[in-house]
Number of protein chains: 2
Amino acid sequence: MNAPALLTSTEENYLKAVFALAQPRIGTNALADRVQTKASSATDMIQRLAEKGLVEYERYRGVGLTPSGRVAAAAVIRRHRLWEVFLAEKLGFGWHEVHDLAEELEHVQSPELIRRLDAFLDTPSYDPHGDPIPRADGTWPTAAGVRLDQVPVGQSFAVAGAADRTDELLDYLHRVGMVPGTEWTLVEIVPFDGTRTVQNRSGRTLDLSALAARHVLVQPQETQTPNA
Amino acid sequence: MNAPALLTSTEENYLKAVFALAQPRIGTNALADRVQTKASSATDMIQRLAEKGLVEYERYRGVGLTPSGRVAAAAVIRRHRLWEVFLAEKLGFGWHEVHDLAEELEHVQSPELIRRLDAFLDTPSYDPHGDPIPRADGTWPTAAGVRLDQVPVGQSFAVAGAADRTDELLDYLHRVGMVPGTEWTLVEIVPFDGTRTVQNRSGRTLDLSALAARHVLVQPQETQTPNA
DNA sequence: ATTCAAATTTAGACAAATCTAAAAATAAAG
DNA sequence: CTTTATTTTTAGATTTGTCTAAATTTGAAT
């Protein structure tokens with residue numbers, strides 16, 4: 001809960017890795033793998049983070065995050081994903097290219113910078129990969145429904161909303177008619193690129209990219225028999 | 001001329017400092033002051049940079065940049081000033097707040113990032129402080145005239161152009177009538193904040209902030225006797 | 001239970017960048 | 001042309017993050 005006293009880039013990277021892998025704990029080797037280093041180095045770092053109260057650590061037993069560790073990790077992930085949105089939406093990078101750059105940008109320390117970046121990007125809730133962006137207070141956006149990319153073929157659903165407030169996305173969804181309240185059925189997932197084909201009540205079909213599907217929140221329906 | 005093999009952030013900071021202070025050479029103490037360190041550390045670093053061929057160094061005689069050192073320094077300064085423009089124009093930071101943040105952002109290594117950032121900002125030639133931004137090829141924009149902030153009181157001049165292509169600046173200059181070809185005399189420089197008071201032929205006066213003055217390029221005129 | 005393999009930790013070394021304190025070179029003053 | 005003051009360099013230590021190699025601990029298998 002205490003303000004996460006300035007961490008080095010390396011410390012932040014380890015924290016992110018523990019956050020990503022600890023359920024609830026993660027071993028030294030797996031952690032070392034994730035941060036591209038050796039187990040012995042990971043041990044050293046873990047012990048430093050334990051002294052700072054960010055991870056709970058027991059020799060030979062692995063590590064997990066403490067509550068303040070979780071807060072600190074969320075802050076790093078927030079910075080990372082906001083930069084990803086910037087790189088993709090403003091600079092036009094492909095969503096597969098943004099990760100490595102964000103990896104560097106995320107370590108620039110300035111709460112004010114992040115506040116303004118967030119505002120500049122219209123406070124997005126999801127990054128270009130569809131992953132949620134922690135809020136400034138450390139809480140996580142919980143989908144008001146299920147993301148369309150997690151719905152199985154054959155499932156019917158009602159559109160609940162958009163994961164993002166960007167004009168581009170909202171315009172697009174409005175233009176193709178995927179507005180809140182409308183009902184659809186997922187008829188196909190193209191294996192090659194994850195494109196979703198959905199169909200409405202009147203039989204009209206529509207193709208949505210995997211990326212778009214991650215930004216559409218839906219409410220799954222009871223499956224209906226075709227002749228009901 | 002050779003691609004400036006990846007430098008550490010610290011090396012880049014020393015390079016910038018040498019660039020800023022060497023005319024043509026700079027002593028160890030002054031350099032150490034600039035990068036906030038001690039003379040002994042500066043000596044170490046200088047010797048590293050000399051081994052990499054970026055500075056020419058002679059013991060007890062100070063350092064200067066080599067041609068490839070100048071290219072490398074220009075690249076760092078380009079990154080720094082582009083980020084300053086981004087912070088001021090896109091995120092709304094004041095022009096006095098942008099330096100420290102740019103100091104961190106400038107070290108993110110990615111030519112493609114800088115290319116796209118440059119395009120996103122409409123390839124500016126000057127940063128928010130009015131300092132020129134080196135071009136991608138390492139050349140420097142030379143003012144098509146003299147910057148208004150370098151004109152002495154009493155001098156008459158014709159407006160030659162704007163240092164920047166941003167709509168805000170062009171709109172502003174157009175609105176106040178400082179368009180290319182018009183003639184003015186600088187009647188006062190307010191000591192407190194550097195505001196310039198200028199007067200046109202019909203006696204109308206206009207106040208320009210020091211910042212605006214840095215972005216206006218002018219052609220100085222022969223001084224005229226009042227009753228000519 | 002004992003043995004063995006895998007995972008983890010320690011010990012010792014190294015590179016980058018820094019510091020303090022002491023030595024060396026230069027420049028300035030008498 | 002000495003002496004002194006200033007600047008610069010070296011020497012040795014420190015911190016962060018890393019490594020290799022050796023020592024421990026754990027857990028799984030006989």
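Residues numbered from 1 in each chain as written. Chains lettered and ligands numbered in written order. Predicted model: local features only at pLDDT ≥ 70, side-chain atom pairs only at ≥ 80, totals over all residues. Heavy atoms only, no water.

Novice: Could you clarify how one ought to interpret the relation of the copies chain A and chain B in this entry?
Specialist: With an axial shift of 0.1 Å and an RMSD of 0.6 Å, the rotation relating chain A to chain B amounts to 180°. Those values place the two copies in the arrangement expected of a two-fold rotation axis. Among all residues of chain A, the one whose C-alpha sits closest to the rotation axis is Leu105(A), at a distance of 3.6 Å. Taken as a fraction of all interface residues of chain A, those also at the interface in chain B reach 100%, which identifies the copy contact as same-surface. (Least-squares fit on C-alpha atoms with pLDDT ≥ 70 in both. Contact = heavy atoms within 4.5 Å.)

Novice: Teacher, can you tell me more about the protein's contact with DNA strand C here?
Specialist: Inspection of the region around DNA strand C gives 21 residues, with Thr28(A), Tyr57(A), Thr8(B), Thr37(B) and Arg48(B) positioned closest. A breakdown of the atoms of DNA strand C within 4 Å of the protein gives sugar and phosphate a share of 83%. One of the side-chain nitrogen or oxygen atoms of Lys38(B) is found 3.0 Å away from a phosphate oxygen of DNA strand C. Measuring from a phosphate oxygen of DNA strand C, one finds a side-chain N or O atom of Ser41(B) at 2.8 Å. Within the residue set of the surface near DNA strand C, elements represented by two or more residues are helix H2 (28-34) and helix H3 (39-51) of chain A together with helix H1 (9-21) and helix H3 (39-51) of chain B. In terms of residue class, the surface near DNA strand C is made up of five nonpolar, 11 polar and five charged. (Near = heavy atom within 4 Å. Polar contact = N/O pair within 3.5 Å; in protein donor to acceptor, adjacent residues only side chain to side chain. Helix = DSSP H or I, 4+ residues; strand = E, 2+ residues; numbered from the N terminus. Nonpolar A, V, L, I, M, F, W, Y, C, P; charged D, E, K, R; others polar.)

Novice: Would you mind showing me how to read the packing of aromatic side chains here?
Specialist: Applying the stated criterion across every chain yields a total of nine aromatic pairs over all chains. Considering the side-chain rings of Phe19(A) and Trp140(A), the 5.5 Å spacing of their centres and the 5° angle between planes classify their relative orientation as stacked. Residue Phe19(A) is found in helix H1 (residues 9-21), and its partner Trp140(A) is found in the loop between helix H6 (111-120) and strand E3 (146-147); the two are separated by 121 residues along the sequence. On the basis of relative accessible area, Phe19(A) is assigned to the partly exposed category, the value being 27%. Taking 4.9 Å as the distance between ring centres and 55° as the angle between the ring planes, the aromatic pair formed by Phe86(A) and Phe86(B) counts as tilted. Taken together, the residues Phe86(A) in helix H4 (residues 67-90) and Phe86(B) in helix H4 (residues 67-90) connect one chain to another. This pair shows no difference in class: Phe86(A) is buried, exactly as Phe86(B) is. Through successive ring pairs, a cluster of aromatic residues spans Trp83(A), Phe86(A), Phe120(A), Trp83(B), Phe86(B) and Phe120(B). The lysine or arginine in question, Arg116(A), covers the ring of Phe93(B), its NZ or CZ lying 4.4 Å from the ring centre. (Phe/Tyr/Trp six-rings, centres within 6.5 Å; stacked < 30°, edge-to-face > 60°. Buried < 20%, exposed > 50% of the residue type's maximum accessible area, 1.4 Å probe, protein only. Lys NZ or Arg CZ within 6 Å of the ring centre and 35° of its normal.)

Novice: How should the interface of chain A and chain B be read in this particular structure?
Specialist: As a measure of interface size, the accessible area lost when the parts come together is often cited. Contacts between the two partners involve 19 residues from chain A and, on the opposite side, 19 residues from chain B. Here chain A packs against chain B, burying approximately 1600 Å² in sum over the two surfaces, 75% of which is carbon and sulfur. At the boundary of chain A with chain B, the tally comes to zero salt bridges. Counting every contact that joins chain A to chain B gives five residue pairs in polar contact (both at pLDDT 80 or more). Those elements that place two or more of their residues in the side of chain A that touches chain B are H4, helix H5 (98-105) and H6 of chain A. A per-class count over the side of chain A that touches chain B returns 11 nonpolar, four polar and four charged. (Buried area = accessible area lost by both parts, 1.4 Å probe. Salt bridge = Lys/Arg side-chain N within 4 Å of Asp/Glu carboxyl O.)

Novice: Would you explain the domain arrangement of chain A in this entry?
Specialist: The domain boundaries assigned to chain A delineate domain 1 (9-65) and domain 2 (146-220). The C-alpha centroid of domain 2 of chain A is placed 38 Å from the C-alpha centroid of domain 1 of chain A. (Domains from an automatic or database assignment.)

Novice: Help me out: how do you make sense of a negative patch on the surface in this one?
Specialist: Residue and element names in this part refer to chain A. A surface patch of like charges, here negative, comprises Glu-89, Asp-122, Asp-167, Glu-168 and Asp-171. Looking at the secondary structure, you find Asp-167 in helix H7 (residues 167-176). A relative accessible area of 53% places Asp-167 in the exposed class. (Patch = residues over 30% accessible without salt bridge, like charges linked within 9 Å, V, L, I, M, F, W, Y side chains within 5 Å. Areas by Shrake-Rupley, 256 points an atom, 1.4 Å probe, with all protein chains shown as cover. Lys, Arg positive; Asp, Glu negative; His and termini not counted. Charge placed at Lys NZ, Arg CZ, Asp CG, Glu CD.)

Novice: What is the right way to look at the protein's contact with DNA strand D in this model?
Specialist: Around DNA strand D sit 21 residues, and of these Thr8(A), Thr37(A), Arg48(A), Thr28(B) and Tyr57(B) come closest. Sugar plus phosphate: this is where 82% of the atoms of DNA strand D within 4 Å of the protein reside. Contacts to DNA strand D include Ser40(A), whose side-chain N or O atom sits 3.0 Å from a base oxygen. The side chain of Arg61(A) places a nitrogen or oxygen atom 3.2 Å from a phosphate oxygen of DNA strand D. Listed by contribution, the elements that provide at least two residues to the surface near DNA strand D are H1 and H3 of chain A together with helix H2 (28-34) and H3 of chain B. Each residue belonging to the surface near DNA strand D can be placed in one class, and the counts come to five nonpolar, 11 polar and five charged.

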